[in-house]
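# Working through the structure, step by step
One-letter residues, chain by chain:
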Amino acid sequence: MLAVIAYSEGRIDVERRSPPQQLNAGTIRIRAACSLISPGTELHYIQARRQVMYPLALGYCSSGYVEEVAEGAHGFSVGDRVIAMGWGYAIHAEQIAVPYKLCVKLPKSLSFEHAVFANMSATALHAVHRARLEGNERVLVIGAGLVGQMVMQWARMQVQEVVASDLSHNRLKIAEASGITCIYPDPTNKLLSQQAMEHSQGRGFDTVFLCSSGNATELFNQCLQLMNRYRDGHKRGTIVVVGRLEAHLQLNVDLGNVDIRYSARCGAGYRDEEYVHGRVTYEAPSGEGTVDRNLAESVDAIHQGRLDPSLWHTHRFPVREATQAYELLKDPEQALGVTLHYEDQGEERVDFAK
């Protein structure tokens, strides 16, 4: 089968590898139709490969047909149309074997290439759950990458005011097309905190989602200044970090009671081998969802039109041209949602000229 592999020198190849052999209990075999590249996560691991000698199979968001169901994989049958998630499982490959709690069945009317966005949507939904929005907040999303775009949409379902900002004008235009008000970076280098505070007419924001990566010391401390002022005159609000970043924070009692939360992954149970294979079960923390619940809710939102992947879906490539796709993703002005497509799936022929 064809699979996308990253090597130690940062090189990416599409090569033939042996398909999954005997399935473990609680696992299903899937013939892929479409997979979605996760730009932030995958580019991070490609860069990390430069320091590690062994190759790595890329990808964790896929969709396709169930070909085999192992013992204990409840609720699935051969021929089911599904999405599948999981690092090391739902890789960019023609055949994959995935624990059944990382898979969700699809309605017949939902295309594979739209449905596959539900995998990353679960990450955004988890971040919004972590924010504990109550309905009357002013929300700012900094970072309009793929997860940031989805955070905006999930937040907008719960609050009336969602504002976004990003260094990429192209990504902000995509956010505007989905109904989000955007703050474009000022060419005179005015601080984002100043622009955002002016936009809010000095009121600040109740919740800021920081969907970013890298060194964010300056940006993070600007976010602290953007918090809404409480009746006692101090700042009060919540910053939810979504992504890999580092920052040196300047905290003091004059700031007030600011909550800083980190949102990791896509729900309770993800990367818990016992849970995803169905060997144990448990409830998510209050206000949050398990990974399978978040995946199912994301599929429903796309199917019902509450999330529209066509706004973020910028490029399609056959899997044999995956190296070109990764080159394109290095420039945020060029690409956002990039899917890889696998041949001989019959039902959904893809026009790569689109």
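Notes on the structure in this doc start here.

## Quick word on unusual backbone geometry
We note that R132 has phi near 55°; this positive angle belongs to a residue other than glycine. Position of R132 relative to the elements: it lies in the loop between helix 3 (118-131) and strand 9 (138-142). Overall, R132 belongs to the exposed group, its relative accessible area being 51%. In this model, R265 sits at a positive phi of 70°, which is unusual for a non-glycine residue. Here R265 lies in the loop between strand 16 (256-262) and helix 8 (273-276). Looking at R265, the relative accessible area reads 44%, which means it is partly exposed.

## A few points about the packing of aromatic side chains
In this structure the tally under the stated criterion is four aromatic pairs. Judged by centre distance (5.1 Å) and plane angle (80°), the ring pair of Y65 and F112 falls under edge-to-face. Residue Y65 is found in strand 5 (residues 61-69), and its partner F112 is found in helix 2 (residues 112-115); the two are separated by 47 residues along the sequence. The pair Y65 / F112 is uniform in exposure class, with both members buried. On the numbers, 6.4 Å between centres and 45° between planes, the contact of F117 with W312 is tilted.

## Structural notes on the nonpolar core
Generally speaking, nonpolar side chains in soluble globular proteins are found buried as a group. Residues L58, V151 and F209 are the most contacted members of the largest nonpolar core, which totals 99 residues. Per-element accounting of this core gives the leading share, eight residues, to helix 3. Leaving out residues up to four positions away in the same chain, L58 has contacts with V4, A6, I12, E42, I46, W87, I91, H92 and Y326. Formed by 19 residues, the second largest nonpolar core is a distinct cluster that contains L140, I142, A196 and M197.

## Here we look at helix 10 (residues 322-329)
For helix 10, the full list of buried residues reads A322, A325, Y326, L328 and L329. All buried residues of helix 10 lie within an arc of 160° about the axis, which places them on one face of the element. Buried residues in helix 10 make contact with strand 1 (2-6), strand 2 (12-16), helix 1 (39-48), strand 17 (313-318) and strand 18 (337-341).

## What about the sheet that holds strand 4 (residues 56-57)?
Strands sit in the order 2-1-4 across an open sheet of three strands; the sheet is antiparallel. Pairing within the sheet leaves two strands with one partner each, and these edge strands are strand 2 and strand 4. Pairing of strand 1 with strand 4, which is carried by two bridges, proceeds in the antiparallel orientation. In the sheet register, A6 faces strand 4, and the bridge partner there is L56.

Reading guide: rules and limits
Residues numbered from 1 in each chain as written. Predicted model: local features only at pLDDT ≥ 70, side-chain atom pairs only at ≥ 80, totals over all residues. Heavy atoms only, no water. Helix = DSSP H or I, 4+ residues; strand = E, 2+ residues; numbered from the N terminus. Buried < 20%, exposed > 50% of the residue type's maximum accessible area, 1.4 Å probe, protein only. Phe/Tyr/Trp six-rings, centres within 6.5 Å; stacked < 30°, edge-to-face > 60°. Core = buried A, V, L, I, M, F, W, Y, C linked by side-chain atoms within 4.5 Å. Contact = heavy atoms within 4.5 Å. Arc of directions from axis to C-beta. Pairing = 2+ DSSP bridges.

The quantities given are spatial measurements derived from coordinates; they are silent on function.
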